[in-house]
Amino acid sequence: MSYCVNCGVELHKTCEVCPLCNTKVCHPEQEADRLSPPPYPDQKGDMDPVQRSDMTILLSVVLAVTAVICGLLNLFVFYGTYWSLYVIGGCVLLWIFCLPVFFFRIRVYISLLMDGLGIALYFGMIALLHPGNGWYPALALPLVVLATGLILLLAVYVKKMHASVLSGSVLVLSEVSVFTVSVELLIDGFLGTPFGITWSAVVLTCCVVIDAALITIIRRSRLREEVRRRMHI
């Protein structure tokens, strides 16, 4: 019985190098046994990678079975409300979100549009079950359309203009300020109160200040290179 001088693992009598750390095995009093079969195979096998189609089928089956089971439970066991529609809609929405994973060649703009459409339809289904005071056309739908448009604008800017991290951050903060101000104005319109900005003005001020600093850094080459060097971007 012998052990590796480097890592201490027990060595088989046929070992010429340590199987754990690849340290050369030296037997001062005996030569290595080259006739006995080694305790492990010499050839290493490789497993085939998981195909994209397999992942598509797996996730589609899981989501479909979840939706069907919840629908049957709602129909025959826990009836009285339409709670299963939330689960079914969530499964459909999750499947739409995973389209870029399922179909690698799908364009990012189409995927984002379908995501926005899916969210709008999901909120529309909720609005049919709980109409309220018209919150869907007054609040939910405009916000979904605005958010989808802003995300599409960011995707186009990053893809077409080859935006850097700093310039992309400027656009993101600008879109955050636009979205927050729009949220407050839409809420005022929905509630029937006078239009004005209060809490969104705080977000707007912070975004403007940070954007001003980022634009200054972008325009000054020495500052820009220093930030990139320190932040590894």
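These numbers come from a predicted model, not from an experiment.

### A word on the overall build of the chain
Across its full length, the chain carries eight helices and two strands. Along its sequence from the N terminus, the chain presents helices and strands in the succession β-β-α-α-α-α-α-α-α-α. When contacts within the chain are restricted to residue pairs at least 6 apart in sequence, those whose partners lie at least 24 apart make up 46%. Of the roughly 16,600 Å² of accessible surface on the chain, 69% is carried by carbon and sulfur atoms.

### A closer look at helix α4 (residues 108-129)
At 3.6 residues per turn, the α-helix brings residues three or four places apart onto the same side. Between its first and last C-alpha, α4 extends 32 Å over 22 residues, near the 32 Å set by a 1.5 Å rise per residue. The complete set of buried residues in α4 reads Tyr109, Ser111, Leu112, Asp115, Gly116, Gly118, Ala120, Tyr122, Gly124, Met125, Ile126 and Ala127. Residues of α4 that are buried in the fold lie against α2 (84-97), α3 (99-102) and α5 (135-161).

### Details of a nonpolar patch on the surface
A grouping of Ile57, Val61, Val65, Val68, Ile69, Leu72, Leu73, Leu75, Phe76, Val77 and Phe78 is seen on the molecular surface, where their side chains present a nonpolar patch of about 1,000 Å² in accessible area. Structurally, Val65 can be placed in helix α1 (residues 52-76).

### A short note on the packing of aromatic side chains
Throughout the structure, instances matching the rule amount to two aromatic pairs. Plain terms: the ring middles of Phe78 and Trp83 are 6.5 Å apart, the flat faces sit at 70° to each other, and that makes the pair edge-to-face. Here the aromatic rings of Trp135 and Tyr136 are separated by 6.1 Å at their centres, their planes lie at 85°, and the arrangement is edge-to-face. Judged by relative accessible area, which is 22%, Trp135 ranks as partly exposed. A relative accessible area of 19% places Tyr136 in the buried class.

### Side note on the nonpolar core
Judged by nonpolar contacts, Leu166, Val170, Leu173, Cys207, Leu214, Ile217 and Val227 together constitute the single largest core of seven residues. Of all the secondary structure elements, the ones that give two or more residues to this core are α6 (165-191) and α7 (199-219).

### Some remarks on the environment of Trp199
The topology assignment puts Trp199 in helix α7. Residues Trp199 and Thr180 lie 19 residues apart in sequence; the distance between their C-alpha atoms is 8.8 Å. Each residue touching Trp199, except ones within four places of it in the same chain, is listed here: Thr180, Val183 and Glu184.

### Things to note about the environment of Val178
With respect to the secondary-structure elements, Val178 resides in helix α6. Distance in space between the C-alpha atoms of Val178 and Ser200 is 9.2 Å, their sequence separation being 22 residues.

### Observations regarding the side chain of Glu184
Along the chain, the position of Glu184 falls in helix α6. With residues near it in sequence (within four places) discarded, Glu184 still touches Gly196, Ile197, Thr198, Trp199 and Ser200.

What counts, and where the lines are drawn
- Residues numbered from 1 in each chain as written.
- Predicted model: local features only at pLDDT ≥ 70, side-chain atom pairs only at ≥ 80, totals over all residues.
- Heavy atoms only, no water.
- Helix = DSSP H or I, 4+ residues; strand = E, 2+ residues; numbered from the N terminus.
- Contact = heavy atoms within 4.5 Å.
- Areas by Shrake-Rupley, 256 points an atom, 1.4 Å probe, with all protein chains shown as cover.
- Expected span 1.5 Å × (residues − 1).
- Buried < 20%, exposed > 50% of the residue type's maximum accessible area, 1.4 Å probe, protein only.
- Patch = residues over 30% accessible without salt bridge, like charges linked within 9 Å, V, L, I, M, F, W, Y side chains within 5 Å.
- Salt bridge = Lys/Arg side-chain N within 4 Å of Asp/Glu carboxyl O.
- Phe/Tyr/Trp six-rings, centres within 6.5 Å; stacked < 30°, edge-to-face > 60°.
- Core = buried A, V, L, I, M, F, W, Y, C linked by side-chain atoms within 4.5 Å.

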